[in-house]
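# Residue-level structural notes
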Amino acid sequence: MFDGVKFDWMPIIGPLIVLIVTMVSVALIFKLLFSWLPKRLFNFLLGPVCLIGLYLWAIPMNVGFHEYFQ
């Protein structure tokens, strides 16, 4: 049934790798700058900081960065 179906994974894998790198780098910068915060506050703010990393990744995807991987 699916013998002749070929799927190009590169348009999906490339942006996902960039997403992972972006979110890890934003979290690392947050850890380096704000590790002095109390542990509960640091852990509470880590989620919103990772969402900021997602937002930083999503902006270039709409500007044409996604076409680079196609």
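Conventions used here
- Residues numbered from 1 in each chain as written.
- Predicted model: local features only at pLDDT ≥ 70, side-chain atom pairs only at ≥ 80, totals over all residues.
- Heavy atoms only, no water.
- Helix = DSSP H or I, 4+ residues; strand = E, 2+ residues; numbered from the N terminus.
- Buried < 20%, exposed > 50% of the residue type's maximum accessible area, 1.4 Å probe, protein only.
- Contact = heavy atoms within 4.5 Å.
- Areas by Shrake-Rupley, 256 points an atom, 1.4 Å probe, with all protein chains shown as cover.
- Core = buried A, V, L, I, M, F, W, Y, C linked by side-chain atoms within 4.5 Å.

Let us look at the overall build of the protein chain. Helix and strand counts for the protein chain come out as two helices and zero strands. A buried classification covers 21% of the 70 residues belonging to the protein chain. In the protein chain, of all internal contacts separated by at least 6 residues, the share reaching a separation of at least 24 is 65%. As displayed, the protein chain has an accessible area near 5800 Å², and 75% of this comes from carbon and sulfur atoms.

On to the nonpolar core, then. Counting residues in each nonpolar core, the largest one holds five residues, listed as Val26, Phe30, Leu37, Phe42 and Val49. Among the secondary structure elements, those contributing two or more residues to this core are α1 (10-34) and α2 (39-68). In contact with valine 49, other than residues within four places in its own chain, are Val26 and Phe30.

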